[in-house]
Amino acid sequence: RVVLAHEGQRTMVTMSSDIGGDPKNFAIVVPVPTVIQRDQVRLVKPETVEHLAAFSKPRLVEYYDDDPCPKPMPVVAAPMPTAMAMARMPMPAPAPAGVRIEAQYSVGEYDIVVLSATDSGGLMSYLANNHYRVPTGAEPTIRSYMRQNMRFFLAKVNLERFGNKPGAFLKPIQVEYVSPKFMLPIRLGTVNATGPQDMIVLALTKTGRVETTNYRTAPVPTGVDVPLFVRGQFNQFYDTMFERQANEQGGDAVFLEYAWNIGGMMCDPCSSTPLSLEELKELGAHWIQTS
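Residues numbered from 1 in each chain as written. Predicted model: local features only at pLDDT ≥ 70, side-chain atom pairs only at ≥ 80, totals over all residues. Heavy atoms only, no water.

Undergrad: What is the right way to read the sheet that holds strand S9 (residues 151-157) from this model?
TA: Neighbouring strands of a sheet are bound in pairs by backbone hydrogen bonds; such pairs are parallel or else antiparallel. The strand order S3-S9-S8-S7 describes an open sheet built from four strands, whose pairing is antiparallel. This sheet does not close on itself; its edge strands, each paired only once, are strand S3 (27-32) and strand S7 (99-107). On average, adjacent strands in this sheet sit at an angle of 20° to one another, irrespective of strand direction. One ladder, built from six bridges, connects strand S8 (residues 110-117) with S9; its direction is antiparallel. Each residue of the ladder has a partner; that of Ile112, found in S9, is Ala155. Lying on the sheet, helix H2 (residues 120-129) is in contact with S3, S7, S8 and S9; it crosses S8 at an angle near 165°. (Pairing = 2+ DSSP bridges. Helix = DSSP H or I, 4+ residues; strand = E, 2+ residues; numbered from the N terminus. Axes fitted to C-alpha atoms, helices over the stretch in contact; angles between N-to-C directions. Contact = heavy atoms within 4.5 Å.)

So, in structure tokens, the structure goes:
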């Protein structure tokens, strides 16, 4: 799950990851358009990301039309859980030829290194030497990002600071950058997949909404009358409907599930309490003024 806040040339990307297994095996490699410095990285409370996800969930709305004259008012909403939906920092292995360490620091439980590279083989060697499990077939993808002059943001969990507590959750990590490039590089993640992947992007903008330029945007059916029995099994109904839509699109589209003007905190209906201004700013909506 990714929260993307964008205004002008300033972008904040908050990455919230579901992990399975031991945290020591968790690491992320994210192409970024600029060298990310320590003051451009923050940790976000997991519950803030969850709140935004809950606020934008698909919902079933039931209207009663007892009187044909007044405007019908929403009275029931059944939201569904989205199914798709300072210890010393260890020194990394030396960078091989064609790879340069641009920055290195710690944030919370993460040890972070930012690299630039001119040789994909050298970058693959660096990742392997530093115990990043690079999937087979990743080098062509890495090479394509290098041709775009992208840097590579690497983050690993430091178990001494994390505590390795059973049942503990990693905090979402937020990266800020200023660049004319407005993009979300996800192809490395798709290379790492063992099957179909589901990625949820929650986008915040000052005006308008976000759509993709390199994928078709397909709307999820909405405003459709459904039989009454769906009320008791909306989760299953929505999952089945979404799967059918994904199949019809050939698995090659971005689905717009929800778009709304959050400024007035109005929705039809709200599936959770609206986010506070402080929460929206925490997620990157820096244009909001709070007193």
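There is more to say after this.
Undergrad: Honestly, empty space enclosed by the protein in this entry has me stumped. Any pointers?
TA: It is the rolling of a water-molecule-sized probe over the atoms that shows where space remains empty. Its boundaries defined by the atoms lining it, the largest cavity holds a volume of some 60 Å³. Across the lining of the largest cavity, the residue classes tally to seven nonpolar, two polar and one charged. (1 Å grid on protein atoms, 1.4 Å probe; cavity = no way out; pocket = protein on both sides within 12 Å on 5 of 7 lines; lining within 4 Å. Points joined across faces, edges and corners; volume = space filled by probe spheres on them. Nonpolar A, V, L, I, M, F, W, Y, C, P; charged D, E, K, R; others polar.)

Undergrad: Help me understand the pattern of salt bridges, please; the structure alone is not making it clear to me.
TA: In the structure shown here, the tally under the stated rule is eight salt bridges. A salt bridge links Arg231 to Glu62; its shortest N-O distance comes to 2.9 Å. Its relative accessible area of 17% is what places Glu62 among the buried residues. Taking the shortest distance from any N to any O, the salt bridge between Glu139 and Arg143 comes out at 3.6 Å. (Salt bridge = Lys/Arg side-chain N within 4 Å of Asp/Glu carboxyl O. Buried < 20%, exposed > 50% of the residue type's maximum accessible area, 1.4 Å probe, protein only.)

Undergrad: Quick question: what am I supposed to make of the sheet that holds strand S4 (residues 41-43) here?
TA: As summarised here, the arrangement of the five strands in space is S4-S10-S2-S1-S11, forming an open sheet in which the pairing is mixed. Bordering the open sheet on either side are S4 and strand S11 (201-205), each of which pairs with just one other strand. Taking the axes of each pair of neighbouring strands and ignoring which way they run, one obtains an average angle of 20° across the sheet. Of the strand pairs in this sheet, strand S1 (residues 2-7) and S11 are connected by five bridges, and their pairing is parallel. For Val3, the partnering residue across the bridge sits in S11 and is Leu202.

Undergrad: What's the story with the nonpolar core in this structure? I'm lost.
TA: One broad rule of soluble globular proteins: the nonpolar side chains tend to lie buried together. In this structure, Ile36, Tyr105, Ile112, Phe153 and Ile173 are the most contacted members of the largest nonpolar core, which totals 25 residues. Mapped onto this core, the elements with two or more residues apiece are S1, strand S2 (10-15), S3, S7, S8, S9 and strand S10 (173-178). Beyond its immediate sequence surroundings of up to four residues, Phe153 is in contact with Ile28, Val29, Val30, Val32, Ile36, Val41, Tyr105, Ile112, Val113, Val114, Ile173 and Val175. By size, the runner-up hydrophobic cluster in this structure holds 18 residues, among which are Phe55, Cys267, Leu283 and Trp287. (Core = buried A, V, L, I, M, F, W, Y, C linked by side-chain atoms within 4.5 Å.)

Undergrad: Any chance you could explain helix H3 (residues 138-147) here in plain terms?
TA: Residue pairs three or four apart in sequence face the same way in an α-helix, which turns once every 3.6 residues. Looking at H3, one finds that the buried residues are Ala138, Thr141, Ile142, Ser144, Tyr145 and Met146. Positive phi shows up at Asn149, right after H3, with a value of about 60°.

Undergrad: Looking at this structure, I do not really get the packing of aromatic side chains. What am I missing?
TA: The relation between two aromatic rings is expressed through the spacing of the ring centres and the mutual angle of the planes. Counting across every chain of the model gives six aromatic pairs. Their ring planes at 80° and their centres at 6.5 Å tell us that Phe55 and Tyr258 sit as a pair that is edge-to-face. For Tyr258, a relative accessible area of 24% puts it in the partly exposed group. An aromatic cluster is built from Phe234, Phe237, Tyr238, Phe242 and Phe255, whose rings are joined through pairwise contacts. The side chain of Lys156 reaches across the aromatic face of Tyr132, ending 4.6 Å from its centre. (Phe/Tyr/Trp six-rings, centres within 6.5 Å; stacked < 30°, edge-to-face > 60°. Lys NZ or Arg CZ within 6 Å of the ring centre and 35° of its normal.)

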